[in-house]
Amino acid sequence: MRRLIVSILPGLVAAGLLASSPADSQVRLAQEPSQGRPTPQPASAAKIHWRTALYGAFEEALQVKKPLVVYFYQRACQWCDRIEAGPFASPEVNALGDKAVFARIDYEQDDQHKNVSKMVQSLRIDRFPTVVLLDVWPDAIMERGRVVGYFDILTYYFRLSQLFLEPPATKPTPKP
């Protein structure tokens, strides 16, 4: 499923979602079916480097021209603790670390521009843990897919890998 998160705004501002100043956002939806399962790759020395600032992760993803993976969690969530100790600590999932910019975001800790709450609302995040793969542009963000809930290491690896196998989203065109 693909979901357009934001509309076009000037500069490196993603419709107030990842804003340096507050702004209105517009959400449009589109869907595409998923196909196939990824083949497990040998674990590599790659490691996920978790960013904790949503806007900083967005800017880095733009700079390095990679997708943005956002992991939304709650501090009092036992499944979030289990995913961090299991799949996120595994060499299998860490082998995906060079495919994207990764951000670990506490949905209860917002920044001064309310970027986290705006993204949670736009993405309709209501269960934790939730990991969302996003394609980013200076003026738009498009969801490529998500993994919701806890799974064992190999199942989680397959589900997350599947998102990377999906073709990148096409940049939306602004409405006149």
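These remarks concern the structure in this document. Note that the coordinates shown come from a computational prediction; the quantities given were computed from them, not determined experimentally.

All right, on to helix α4 (residues 115–123) then. Of all nine residues in α4, seven are buried, a share of seventy percent or more. Among the residues making up α4, those that are buried are N115, V116, K118, M119, V120, S122 and L123. One or two residues past the end of α4 sits R124, with phi positive at roughly 55°.

Right, let's get into the pairing of strand β6 (residues 130–137). Among the eight residues of β6, eight are classified as buried, and the element is accordingly described as predominantly covered. A two-sided burial pattern is seen for β6, the buried positions comprising T130, V132, L134 and V136 on one face and V131, L133, D135 and W137 on the other. Pairing analysis gives five bridges linking strand β4 (residues 68–73) to β6, with the strands arranged antiparallel. Residue pairing across strands places L68 opposite L134, the latter belonging to β6.

Let's shift gears to the pairing of strand β5 (residues 101–106). In summary, the side chains of a regular strand alternate between the two faces of the sheet. The element β5 is extensively covered by neighbouring structure, given that five of its six residues are classed as buried. Bridge count for strand β3 (residues 50–51) against β5 is two bridges, and the pairing is parallel. Paired with W50 across the strands is F102, a residue of β5. Pairing of β4 with β5, which is carried by six bridges, proceeds in the parallel orientation. Within β5, the position partnered with Y73 by the bridge is D106.

All told, the structure shown has eleven aromatic pairs when counted by the stated rule. A ring pair is formed by W50 and F102, whose centres lie 5.5 Å apart and whose planes are at 80°; its orientation type is edge-to-face. One end of the pair, W50, is in strand β3; the other, F102, is in strand β5, and 52 residues separate them in sequence. Look at W50 and you get partly exposed, because its relative accessible area is 22%. Note on Y55 and F58: the rings are 5.9 Å apart at their centroids and 40° apart in plane angle, and the pair reads as tilted. Of the two residues, Y55 and F58 both sit in helix α1 (residues 54–64), three residues apart, roughly one turn of that helix. Three or more aromatic residues link up through ring pairs in this structure, and these residues are W50, Y71, Y73, F88, F102, F151 and Y156.

Analysis parameters
- Residues numbered from 1 in each chain as written.
- Predicted model: local features only at pLDDT ≥ 70, side-chain atom pairs only at ≥ 80, totals over all residues.
- Heavy atoms only, no water.
- Buried < 20%, exposed > 50% of the residue type's maximum accessible area, 1.4 Å probe, protein only.
- Helix = DSSP H or I, 4+ residues; strand = E, 2+ residues; numbered from the N terminus.
- Pairing = 2+ DSSP bridges.
- Phe/Tyr/Trp six-rings, centres within 6.5 Å; stacked < 30°, edge-to-face > 60°.

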